[in-house]
Amino acid sequence: SRGGQEYGWVICRVHLSFGAIKSAQDCLQAMELSCGGPDTLQAREHRGFVALAQGKYQDALTSFTSALSIDPSRTLVAVNLALCLLYTKQLTQAVQTLEALVKSDPAKSLDHATVFNLCTLYDLQGADAGVKKRVVH
């Protein structure tokens, strides 16, 4: 059932939130087997979450980019993609990722995490951060 599948993905994220990466990996593999394989949207985004938790930023970038190619409106995935871009020294692309997300659907994407991360990226860019942050607010 759809509800049971969503529950399984939530369990994967709970393992990650507690730092139980091996358990999250095991859960991810089980969910891939039972929910359509590694190419589903949920598998791609959760593979990214696991890679991010492991510090494998390039792998996470690949997974998050792949997930967003299926559904570009996934706010959490876009925010995590931007963080990976930052961690791989791609600040301009990180900013562009979040700006594109906000422009695509402001009502859905302008949540606390997105605004906080975008403003932080603006601060890291420097010079005109104050002007850019006023536009977001």
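Our subject is the structure listed above.
Residues numbered from 1 in each chain as written. Predicted model: local features only at pLDDT ≥ 70, side-chain atom pairs only at ≥ 80, totals over all residues. Heavy atoms only, no water.

What follows concerns the overall build of the protein chain. For the protein chain, the helix and strand inventory stands at nine helices and zero strands. Its helices and strands taken in sequence order, the protein chain reads α-α-α-α-α-α-α-α-α from the N to the C terminus. Expressed as a percentage of contacts within the protein chain between residues at least 6 apart in sequence, the contacts between residues at least 24 apart total 42%. When the accessible area of the protein chain is evaluated, it comes to approximately 7,500 Å², of which 58% is carbon and sulfur surface. (Helix = DSSP H or I, 4+ residues; strand = E, 2+ residues; numbered from the N terminus. Contact = heavy atoms within 4.5 Å. Areas by Shrake-Rupley, 256 points an atom, 1.4 Å probe, with all protein chains shown as cover.)

What follows is about the pattern of salt bridges. The tally for this structure, following the rule as stated, stands at six salt bridges. Measuring nitrogen to oxygen at the nearest pair gives 4.0 Å for the salt bridge that ties R44 to D39. (Salt bridge = Lys/Arg side-chain N within 4 Å of Asp/Glu carboxyl O.)

The next thing to look at is helix α4 (residues 57-70). Spanning 14 residues, α4 covers 20 Å between terminal C-alpha atoms, matching the ideal 20 Å at 1.5 Å per step. Looking at α4, one finds that the buried residues are A60, L61, S63, F64, A67 and L68. Among the structural elements, α3 (41-53) and α5 (75-87) are those in contact with the buried residues of α4. (Expected span 1.5 Å × (residues − 1). Buried < 20%, exposed > 50% of the residue type's maximum accessible area, 1.4 Å probe, protein only.)

What follows concerns the state of the cysteines. Inspection of every chain in the model, using the stated rule, returns one disulfide. Covalently, C12 is tied to C27 through a disulfide, its sulfur atoms 2.5 Å apart. Taking the sign of the S-S torsion, -95° for the link of C12 and C27, the bridge is left-handed. In this pair, C12 sits in helix α1 (residues 2-17) while C27 sits in helix α2 (residues 21-34), placing the two residues 15 residues apart along the sequence. Per residue, the accessibility class of C12 equals that of C27, and both read buried. (Disulfide = S-S within 2.5 Å.)

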